[in-house]
Structures are given as structure tokens and as C-alpha cells.
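# Summary of structural features
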Amino acid sequence: MIKRVCKKLVDDSATVAIGGDFARCLTSSTIVFLHGDLGAGKTTFSRGVIQGLGHKGNVKSPTYTLVEPYELPQLNAYQFDLYRLADPEELEFMGFRDYLADEAVCLIEWPEKGQGLLPDPDIDIELRYDGEQREIHFVACSALGETILQRLNDEI
Ligand code: ADP
Ligand code: MG
């Protein structure tokens, strides 16, 4: 079973493209954590995933709203950006349990801010700077995560 996948991303279109590849490997509710410094490409990757799941319009970061829902043809998506979360308890107020209970892909930027309340992810992703370029590292954290990375590894 594949537990890790890494790839070099030469420009932002490569980041969007691997998001699209990843989207094609998703078939059911999946929790995805996105780690990486500011500007590392977390939102760019999420855009690729959400557009890959069939969203036609723009995808911006829900920096102030914390979460943006997308109703999509195959699988819904929730994009979280917890950067501005002051206290993990705020997650309760925003009703995050309802989002996680939905049949949907949850893409969570800055999951460290929700530590203690968020469940474990299926896939943990890290985006790293590599000069002007980036690298993406996927780690499977559940049986579902391993199945997804197996598919992704066959695809890229
Ligand atoms: P984050 O959400 O991690 O703060 P963003 O995705 O909002 O980061 O921004 C990343 C920035 O880096 C954008 O300007 C984007 O165009 C650029 N970028 C994304 N992927 C790459 C890449 N592989 N190589 C170079 N620049 C990239
Ligand atoms: Mg972002």
C-alpha cells in the first residue's frame, strides 16, 4: 500500500493540476489537512481540487468566513481556512461537526488552529517552498487515505 506521494510543482498551474488529479481519486467523504507557510500554495491546490470536482467559477480563500461550501455534481466540498481562528471553540460555534458529517470533501488550511477538536485526517498534505517552485507531500493517515494515494500514484 502507498502511504506517501511527493511531487515537484514547477509553477502554479502544476499546483492546480495536481489538485485536479487528486480530485479524480476522491469518491467519498474525505478529510484533508493542508500544511505549509503563507504563500506555499494551499489555496492554489484547493482551487484545483474544487474545480476538479466540477466547480466552474472562482475559488478564493475563506480567510474571514472560515469556511466556504461548494455544492458539486459528484461530491460536495468544504474549504476551510482556520488561520484567523482565535480559539478552537469557535469551530463549535460555526457548526463544523455538521460540515464534517456531510458526505463531502473537507479541505482544511491551518488545521493546527483547530487542534483538539478536529478529527484525524485521511490525508495530510504539506506544501513546501523549493526556491521559486514548490513541492507537495501527501501522507495517508487512514485506510481510505491509502486507497486514495494508491490511485493518485497510478495517475501522476
Ligand atoms: P497559501 O494558501 O498556502 O497561503 P496561496 O495558494 O494562496 O498560498 O498562494 C500561493 C502563491 O504561490 C500564489 O501566488 C501562487 O500563484 C503561487 N504558486 C502556487 N503554486 C506554485 C508553484 N508550484 N510554483 C510557484 N508559485 C506557485
Ligand atoms: Mg490560503
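A brief look at the structure comes next. Values in this document were obtained by computation on a predicted structure and should not be read as measured data.

## Quick word on the overall build of the chain
Of the regular secondary structure elements, the chain holds five helices and seven strands. Secondary structure of the chain in N-to-C order comes out as β-α-β-α-β-β-α-α-β-β-β-α. For the chain, whose C-alpha radius of gyration is 14 Å, the value lies close to the compact-globule estimate of 15 Å for 156 residues. C-alpha atoms of the chain, sized along the principal axes, occupy 40 × 30 × 30 Å. In the chain, which comprises 156 residues, the share counted as buried stands at 47%. Restricting the contact set of the chain to residue pairs at least 6 apart, pairs at least 24 apart contribute 67%. Approximately 7,800 Å² of the chain is accessible, and the part contributed by carbon and sulfur atoms is 47%. The averaged location of the 26 negative side-chain charges in the chain is 5 Å from the averaged location of its 15 positive side-chain charges.

## A look at the side chain of Thr 43
Tracing the sequence through the fold places Thr 43 in helix α2 (residues 42-52). For Thr 43, a relative accessible area of 16% translates into the label buried. Here Thr 43 is in contact with Lys 60, Ser 61, Gln 79 and Glu 109, once residues within four sequence places are set aside.

## Some points on the packing of aromatic side chains
Summed over all chains, the structure comprises six aromatic pairs. Ring centres of Tyr 83 and Trp 110 lie 4.9 Å apart, and the angle between their planes is 50°; on these two criteria the pair is classed as tilted. Here Tyr 83 is found in the loop between β4 (76-81) and α3 (90-93), whereas its partner Trp 110 is found in the loop between β5 (104-109) and β6 (123-130), with 27 residues between them in sequence. Classification of Trp 110 as buried rests on a relative accessible area of 16%. Ring pairing ties together the aromatic residues Phe 22, Phe 45 and Phe 138, which thus form one cluster. The residue whose ring lies beneath Lys 113 is Tyr 83, and the NZ or CZ to ring-centre distance is 5.3 Å.

## Brief notes about the coordination of the magnesium ion (ligand 2)
The coordination sphere of the magnesium ion (ligand 2) contains the protein donors Thr 43 (OG1) and Glu 109 (OE), at a distance range of 2.1 to 2.2 Å. Of this pair, Thr 43 sits in helix α2 while Glu 109 sits in strand β5, and the two are 66 residues apart along the sequence.

## Quick look at the site of ligand 1
Surveying the vicinity of ligand 1 reveals 17 residues, the closest of which are Thr 15, Gly 39, Lys 42, Thr 43 and Thr 44. Thr 15 is positioned such that a nitrogen or oxygen atom in its side chain is 2.8 Å from a nitrogen atom of ligand 1. Considered on its own, ligand 1 offers 580 Å² of accessible surface; in the complex 74% of this is hidden by protein. Where the shell around ligand 1 is concerned, the elements lending two or more residues are α1 (12-24), α2 and β7 (133-140). Take the shell around ligand 1: its biggest share by element is three residues, from α2. For the shell around ligand 1, the class distribution of residues is four nonpolar, six polar and seven charged.

What counts, and where the lines are drawn
Residues numbered from 1 in each chain as written. Chains lettered and ligands numbered in written order. Predicted model: local features only at pLDDT ≥ 70, side-chain atom pairs only at ≥ 80, totals over all residues. Heavy atoms only, no water. Helix = DSSP H or I, 4+ residues; strand = E, 2+ residues; numbered from the N terminus. Rg over C-alpha atoms; globule rule 2.2 N^0.38 Å. Buried < 20%, exposed > 50% of the residue type's maximum accessible area, 1.4 Å probe, protein only. Contact = heavy atoms within 4.5 Å. Areas by Shrake-Rupley, 256 points an atom, 1.4 Å probe, with all protein chains shown as cover. Lys, Arg positive; Asp, Glu negative; His and termini not counted. Charge placed at Lys NZ, Arg CZ, Asp CG, Glu CD. Phe/Tyr/Trp six-rings, centres within 6.5 Å; stacked < 30°, edge-to-face > 60°. Lys NZ or Arg CZ within 6 Å of the ring centre and 35° of its normal. Donors = N, O, S within 2.8 Å, 3.2 Å for Na, K, Ca; no water. Near = heavy atom within 4 Å. Polar contact = N/O pair within 3.5 Å; in protein donor to acceptor, adjacent residues only side chain to side chain. Nonpolar A, V, L, I, M, F, W, Y, C, P; charged D, E, K, R; others polar.

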